[in-house]
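Residue-level structural notes
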Amino acid sequence: MSLTGWLTEPRTGHGLRVATDDAGWARHDFPSLAAAALAVAGLLRHTGLRRGEVVSLLLVSPETFLAGFFGVLAAGGVVNPMPPPAGLGAGAAYPEQLTHLMRVAGTHTVLVDPHLAGTARSAAAAAGLAVTVLTVAGPDQPGDVRPGRPATPAVDDPTPPAGDEVALVQFTSGSSGHPRAVAIRADNLLANITAIRRWLDMGAADVTATWLPTYHDMGLIGCTLAPVLNQSDILAMRPDQFIRSPRRWLSCFGEWGATLTAAPTFGYAYAGRRIGPAELAGMDFSHWRAAIVGAERVSRRTLESFAALLGPHGFRTRTFLPAYGLAENTLVATGLHLAPPPVALRVAGELRPGEPVEVSAVEEVGTDPSADDDWLIGCGDARDGVAVTIVDDEGRPLPPDVVGEIALTGRSMAAGYHGADAPDAAFAEGRLRTGDHGFLHDGQLFVLGRAGDSLKVRGRNLYAEDLEARLAGVDGLSPERVVVLAGSAGHTPVLHALIRQRPGPWAAEVARILGREGGPGVRVRVLSVPAPAVARTTSGKPRRRPMFRAATDGSLPGEVLYDSAEPGAWPR
Amino acid sequence: MAEPVEVTVRQLVASMAPHPGGDVTDGQRLVDDLHFDSLALIELAVALERRFDLAPISDDEAMDVVTVADVVALVSQATG
């Protein structure tokens, strides 16, 4: 299988249907999508794009995005999806964000919607990059590429990245200022797409429905690339269309026969909250085979409420496939098999790294909307070509039912972070250290959260290093005396700031900044600590994980200057 | 509608802000201070359109909205 094989043998009568704003669907069959992609490839070759150069995409509509994505690959380029501006509130910061993204990606060319061309040009200029900006237009607009009417000869001999060549530079959902980009090789991408197709037992009659943005790994690889390489139908909505009408997403399954989807817990929670039983009249969900739940902590109550709402219309709880994955492993790592319902597990006592888990109850997920949320949901076992181990701080494997860091090996493990000066420790020795804590129980992976150097809040990663950089400007504080620890203690996300300085007025400002960066539900602690409290590696880097544990269980020496969980904490 | 636009807008923003509690003030930024993420911002836009019977808010209009005061201005303009 090659990444662009379908371009020269597109399946007729099937393809992409894109939700229009008048409640209809616009059809783009695989032959027309392939022609548009080959036209883009022709233009890129005409501009002199060389093999391995990075082409960034700023394309909102799924059909132009697909033409751009496969056009870049067919021309031998490395494709890099970028987020378009995200509506209200994001505008002013967007040009600066785009400049930063282009620098990180090392953008050579941008394929852009006409209305974003000016923004892309200014961002490239600000980044100091000589970027070629090419517009890709819809059928009724002018642009450098027009689907079906190429200005340059279309490519008829696609030469996509292959083997260990990098094919995709994928941004992780980082904190606003400092996203990371993962270099995903052609063989990684093919291995992960194959794993997804086998996992879901994807066939020619399947229909995938999605509202996830295509620049996001789950929306891109799980909901778009897997069905395109499978040449099966896709129903695509934009996120704002889903937010406006979650019923429309459900109608993909209940009325249009969609069988597969993936979404974060939020998507199922939002649809369950916004839709009443009466709106489901006439819908039939008995053909819905797989609803992948991933990207954030899986909530038992959300799954049961959703299943209770849709159950009378043929939805089965076993349709839910809780999963675990990350861009550093291309996308999917583990996921529940198709047949059984998800498993919920309750543990007694504290969950500590290196210590055994005491399981007090195991239940199948059912249809009780009042289900309590103090359960962990099993994310299945390793998918094809992936191996999962739980390891201790030194990387030694731990047995089942013991908490440790989730480590992955296999064909889906990416090459590393794109453009990094030195290989990142996360990818050392042929093994991906995910930075997530978890344990294996009865063959399934249970994910607990971040292990000390970052944490995830509503799909957004906060990295300890970035937060340290944010604190660098605080008056009276020496940046080299600041260490931030980020992780989850039990279910609560926590940020600890360890400051090797005597208490001073800076503490309130540190608490305020971390409170703002963390947001609601994140506990913030500021400590003045003696020098020996800060553990470092031989190369001088902070050893955040052991310090995080010590700070969490109270064994770290020092004076607590602020704790948002304590009564009388200063207002944020 | 009985209440001035700005009062209703502030209430709506407060009820939808991921950052709980406290009064919403005009100077607060939706993303940096109130922690709206991209999906929450879309939810807010849809809620504003419904509440004030507005046409869908375009990307160009949305680009300039950073603070609560900007939201008030956007809605005031659109409702004329």
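Description of the structure in this document. All values reported here derive from a predicted model rather than from experimental measurement.

Turning our attention to the overall build of chain B. Helix and strand counts for chain B stand at four helices and zero strands. Listing each helix as α and each strand as β along chain B from the N terminus yields α-α-α-α. A compact globule built from 80 residues would reach a C-alpha radius of gyration of about 12 Å, and chain B, at 11 Å, matches this within 12%. The C-alpha extent of chain B, read off along each of the three principal axes, is 30 × 30 × 20 Å. Out of the 80 residues in chain B, the part that is buried amounts to 42%. Summarising the internal contacts of chain B: among those between residues at least 6 apart in sequence, 54% fall at separations of at least 24.

The next thing to look at is unusual backbone geometry. Note on backbone geometry: most residues besides glycine have negative phi, and most peptide bonds are trans. Residue and element names in this part refer to chain A. Of note, the phi angle at Ala-23 is positive, near 75 degrees, even though the residue is not glycine. Within the fold, Ala-23 resides in the loop between strand 1 (15–19) and strand 2 (25–29). Non-glycine residue Thr-330 carries a positive phi angle of around 70 degrees. Tracing the chain through its elements places Thr-330 in the loop between strand 13 (320–325) and strand 14 (332–335). Judged by relative accessible area, which is 0%, Thr-330 ranks as buried.

Right, let's get into the pattern of salt bridges. For the structure shown, the criterion picks out 27 salt bridges over all chains. The partner of Arg10(B) in a salt bridge is Asp26(B), with the nearest N and O atoms 3.0 Å apart. Remark: Asp26(B) occurs in the loop between helix 1 (5–16) and helix 2 (38–52) and Arg10(B) occurs in helix 1; sequence separation between them is 16 residues. Residue Arg10(B) is classed as partly exposed on the basis of its relative accessible area, which comes to 27%. Taken together, the shared-partner salt bridges in this structure form one network comprising Asp21(A), Arg238(A), Asp240(A), Arg244(A) and Glu49(B).

Looking at where Asp233(A) falls in the secondary structure, it is placed in strand 10 (residues 233–236). Aside from chain neighbours lying at most four places away, what touches Asp233(A) is His14(A), Gly15(A), Arg17(A), Asp206(A), Val207(A) and Thr208(A).

Residues and elements named next belong to chain A. The biggest cluster of nonpolar side chains holds 125 residues, and the ones touching the most others in it are Phe-69, Phe-70, Leu-111, Trp-249, Leu-250 and Phe-306. When residues of this core are assigned to their parent elements, the largest contribution, ten residues, is made by helix 2 (residues 30–46). The residues contacting Leu-250, other than those within four sequence positions of it, are Ile-275, Leu-280, Met-283, Phe-285, Trp-288, Phe-306 and Leu-310.

Residues and elements named next belong to chain B. With twelve residues, helix 1 should reach 16 Å at 1.5 Å per residue; the first-to-last C-alpha distance of 17 Å fits that figure. Of all the positions in helix 1, only Val-5, Thr-8, Val-9, Leu-12 and Val-13 are classed as buried. With its buried residues spanning 130 degrees around the axis, helix 1 presents them on a single face. Taken together, the buried residues of helix 1 touch helix 2 and helix 4 (68–79).

All names here are of chain A. With respect to the helices and strands, the residue Asp-201 is situated in the loop between helix 6 (186–199) and strand 9 (207–210). Considered as a pair, Asp-201 and Thr-409 are 208 residues apart in the sequence and their alpha carbons are 23 Å apart. With sequence-adjacent residues up to four places away left out, Asp-201 is seen in contact with Asp-206, Arg-289 and Leu-338.

Turning our eyes to something else, we now look at the packing of aromatic side chains. One pass over the full model with this rule turns up 23 aromatic pairs over all chains. A ring pair is formed by Trp6(A) and Phe30(A), whose centres lie 5.8 Å apart and whose planes are at 75 degrees; its orientation type is edge-to-face. In this pair, Trp6(A) is assigned in helix 1 (residues 5–8) and Phe30(A) in helix 2, connecting sequence segments 24 residues apart. Here the two residues Trp6(A) and Phe30(A) agree in accessibility, since each one is buried. Members of the aromatic cluster, connected to one another through ring pairs, are Trp211(A), Phe242(A), Trp249(A), Phe253(A), Phe266(A), Tyr268(A), Tyr270(A), Phe285(A), Trp288(A), Phe306(A), Phe315(A) and Phe320(A). The aromatic ring of Trp25(A) is capped on one face by Arg248(A), whose charged end is 5.3 Å from the ring centroid. Between the NZ or CZ atom of Arg51(B) and the centre of the ring of Phe52(B), over which it lies, the distance is 5.6 Å.

Cut-offs used in this document
Residues numbered from 1 in each chain as written. Chains lettered and ligands numbered in written order. Predicted model: local features only at pLDDT ≥ 70, side-chain atom pairs only at ≥ 80, totals over all residues. Heavy atoms only, no water. Helix = DSSP H or I, 4+ residues; strand = E, 2+ residues; numbered from the N terminus. Rg over C-alpha atoms; globule rule 2.2 N^0.38 Å. Buried < 20%, exposed > 50% of the residue type's maximum accessible area, 1.4 Å probe, protein only. Contact = heavy atoms within 4.5 Å. Salt bridge = Lys/Arg side-chain N within 4 Å of Asp/Glu carboxyl O. Core = buried A, V, L, I, M, F, W, Y, C linked by side-chain atoms within 4.5 Å. Expected span 1.5 Å × (residues − 1). Arc of directions from axis to C-beta. Phe/Tyr/Trp six-rings, centres within 6.5 Å; stacked < 30°, edge-to-face > 60°. Lys NZ or Arg CZ within 6 Å of the ring centre and 35° of its normal.

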